[in-house]
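In case you want the letters, here they are:
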Amino acid sequence: MGRLRASWLLAGFVLSALLLMPVQALALKFRWPLAKWLPNRYHRFLCKLIGIRVVTRGEPYQGGACLIAANHTSWLDIPIMASLQPSSFVAKSEVAGWPFFGTLARLQETVFVERERRTRTAESRNEIHARIAAGDRLVLFPEGTSSDGNRVLNFKSALMSVAQLTIVNGEEDREDDLVVQPLSVAYTRLHGLPMGRRFRPFFAWYGDMDLFPHLWEAFSLGPIEVVVEYHKPVTIREIGNRKALALYCEEACRRGVIQAITGRFDPQPSEAPADADTVEMPARRAAV
């Protein structure tokens, strides 16, 4: 049954992507509004297809320009986050050259950065800032790599320097601080049962794992449940400097992951919206 499920999901994933790629490419070329909401709808479909039940806690920042700083576990993080709201991502430059997945990343207007070249940090920072100022919601993975899903790695502060730049409010002609919101993603359940440390790495993609064999293995095991938590948004003015900002986001994400995988909170989720396999859980006030 595992092989049959994996075959069905892999075929559905590839075929649906191939069907929508030309549509998204045209939407980007002619700057149709479709280019912003089509990826969001596609990722909702993808989560349903794969069997990912997304449970949300907290509230996404809605007050203006915002950078999301998230922990990174798997390629599955992308459809999970993008299914919740229209988003683009910041990824290492190597991703642009990947077959198939590189094309998908470009169609989602990913910002590619050269993490190994410090001389390009300012250029990448300015590109990220320009995109956010234009109204895009960007997701940054400050760990710089992915983990095994059982922990959160140290957040690097280099690209957090974008928070030192202000956003011009065109309507009122004032400069506002860029808001940064930590977002934790934790893989918690498999077939409705606690996933545990043994099975979580099957859904994490890290180290020198090959992508397609990992896809096959993950598809053969599901369905799964993932907890996504929006933490308190802050500005660099409130925190002090980019290193303190990176540490704040790291600690918030680590706390969110630990609480989710240990089940230390006990809120009751509401019913899932009709168009997505997503439920919301009442936020619990967390110490920061």
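Everything numeric in this text was worked out from a predicted model, so none of it was measured. Within each chain, residues carry numbers counting from 1 in the order of the written sequence. Note on the predicted model: pLDDT of at least 70 is required for a residue's local features to be given, and 80 or more for side-chain atom pairs to be given and counted; whole-chain, interface and lining totals, by contrast, use all residues. Excluding hydrogens and water, the side-chain values take into account all heavy atoms of the structure.

### Quick notes on the pairing of strand S8 (residues 179–190)
Two faces, one strand: in a regular strand the side chains alternate between the faces of the sheet.
Phase 1 of the analysis: Three labels apply to residues, based on accessible area from a 1.4 Å probe with only protein chains included: buried if under 20% of the type maximum, exposed if over 50%, partly exposed otherwise in between. Starting at the N terminus, helices and strands are each numbered in turn, a helix being any DSSP run of H or I of at least four residues and a strand any DSSP run of E of at least two. Counting buried positions along S8 gives 11 out of 12 residues, so the element sits mostly inside the fold.
Phase 2 of the analysis: The rule for pairing is simple: two strands pair if DSSP sees at least two bridges between them. The sheet contact formed by strand S2 (residues 66–70) and S8 spans 5 bridges and is parallel. Paired with Cys66 across the bridge in S8 is Val179.
Phase 3 of the analysis: Sheet topology note: the S8/strand S11 (residues 234–235) ladder contains 2 bridges and is antiparallel. The residue of S11 that forms the bridge with Val180 is Val234.
Phase 4 of the analysis: Strand direction decides the pairing type here: S8 and strand S10 (residues 224–230), joined by 7 bridges, are antiparallel. Across the sheet, Tyr187 pairs through a bridge with Val226, a residue of S10.
Phase 5 of the analysis: Note: S8 against strand S9 (residues 193–194), 2 bridges, orientation antiparallel. Residue pairing in the sheet places Arg189 in a bridge with Pro194 of S9.

### Let's talk about the state of the cysteines
Phase 1 of the analysis: Only a pair of cysteine sulfur atoms within 2.5 Å counts as a disulfide in this structure description. Enumeration over the complete set of coordinates arrives at 0 disulfides.
Phase 2 of the analysis: As a non-bridged cysteine, Cys66 has Cys249 as the owner of its nearest cysteine sulfur, 9.7 Å distant.
Phase 3 of the analysis: For the unlinked cysteine Cys253, the closest cysteine sulfur is that of Cys249, found at 6.6 Å.
Phase 4 of the analysis: Given a relative accessible area of 0%, Cys253 falls into the buried group.

### Quick notes on the packing of aromatic side chains
Phase 1 of the analysis: Side-chain rings of Phe, Tyr and Trp, where Trp is taken by its six-membered ring, are said to pair if the distance between their centres is within 6.5 Å; with planes under 30 degrees apart they count as stacked, over 60 as edge-to-face, and otherwise as tilted. Using the criterion set out here, one finds 10 aromatic pairs in the structure.
Phase 2 of the analysis: Between Phe100 and Phe101, the aromatic rings sit 5.4 Å apart at their centres with planes inclined by 85°, giving edge-to-face as the arrangement. Judged on exposure class, the residue Phe100 and its partner Phe101 are both buried.

### Quick word on the nonpolar core
Phase 1 of the analysis: Grouped together as the largest cluster of nonpolar side chains are 43 residues, with contacts concentrated most on Phe13, Ile52, Leu76, Ile80, Tyr187 and Ile224.
Phase 2 of the analysis: Residue contacts are counted whenever heavy atoms from the two residues lie within 4.5 Å of one another. Residues within four places of Phe13 in sequence aside, it is in contact with Tyr42, Leu46, Leu49, Phe100, Phe101, Leu104, Leu215 and Phe219.
Phase 3 of the analysis: By nonpolar core is meant a set of buried Ala, Val, Leu, Ile, Met, Phe, Trp, Tyr and Cys residues that side-chain atoms within 4.5 Å join together. Of all hydrophobic cores here, the second largest spans 30 residues; its members include Val90, Ile128, Leu138 and Ala186.

### Some remarks on the pattern of salt bridges
Phase 1 of the analysis: Salt bridges are identified by distance alone: a Lys or Arg side-chain nitrogen within 4 Å of an Asp or Glu carboxyl oxygen. Counted under the stated rule, the structure contains 9 salt bridges.
Phase 2 of the analysis: Measuring nitrogen to oxygen at the nearest pair gives 2.9 Å for the salt bridge that ties Lys36 to Glu109. Of the two residues, Lys36 is situated in helix H2 (residues 34–50) and Glu109 in the loop between helix H4 (101–107) and strand S4 (111–113); the sequence distance between them amounts to 73 residues.
Phase 3 of the analysis: Its relative accessible area of 39% is what places Lys36 among the partly exposed residues.
Phase 4 of the analysis: Arg53 is the partner of Glu225 in a salt bridge, and the nearest nitrogen-oxygen pair spans 2.3 Å. Here Glu225, found in strand S10, pairs with Arg53, found in strand S1 (residues 52–57); they are 172 residues apart in sequence, far enough to count as distant.
Phase 5 of the analysis: Residue classification places Glu225 among the buried positions, given a relative accessible area of 15%.
Phase 6 of the analysis: Residues joined in a network through salt bridges with shared partners are Lys36, Glu109, Arg131 and Asp136.

### Quick notes on a nonpolar patch on the surface
Phase 1 of the analysis: Think of a patch as exposed residues, more than 30% relative accessible area, with no salt bridge, where like charges cluster within 9 Å and nonpolar side chains (Val, Leu, Ile, Met, Phe, Trp, Tyr) cluster within 5 Å. Only the protein chains shown count as cover for residues, and all accessible areas are computed by the Shrake-Rupley method using a 1.4 Å probe. Together, Leu26, Phe30 and Trp32 make up a nonpolar patch on the protein surface, roughly 310 Å² of accessible area in all.
Phase 2 of the analysis: Locating Phe30 in the fold gives a position in the loop between helix H1 (2–29) and H2.

### Considerations on H2
Phase 1 of the analysis: Residue count minus one, scaled by 1.5 Å, sets the expected span of a helix. Taking 1.5 Å of rise per residue, 17 residues should cover 24 Å, and H2 covers 24 Å from first to last C-alpha, within 8% of that figure.
Phase 2 of the analysis: Counted residue by residue, H2 has 12 buried out of 17 residues, so it is predominantly covered.
Phase 3 of the analysis: Residues of H2 that are buried: Leu34, Ala35, Leu38, Pro39, Asn40, Tyr42, His43, Arg44, Leu46, Cys47, Leu49 and Ile50.
Phase 4 of the analysis: For H2, the elements touching its buried residues are H1, S1, helix H3 (77–84) and helix H7 (211–221).
Phase 5 of the analysis: Once H2 ends, the next one or two residues include Gly51, with phi positive near 95°.

### Here we look at the confidence of the model for the chain
Phase 1 of the analysis: For every residue, the predictor assigns a confidence score, pLDDT, that lies between 0 and 100. Summing up the model confidence of the chain, the mean pLDDT is 87 and the portion of residues at 70 or higher is 88%.
Phase 2 of the analysis: In this model, residues 268–276 is a region of pLDDT below 50 whose contacts with residues beyond four sequence positions or in other chains number 17 contacts.
Phase 3 of the analysis: Every residue in residues 281–288 scores below 50 in pLDDT, and together they form 21 contacts with partners more than four places removed in sequence or on other chains.

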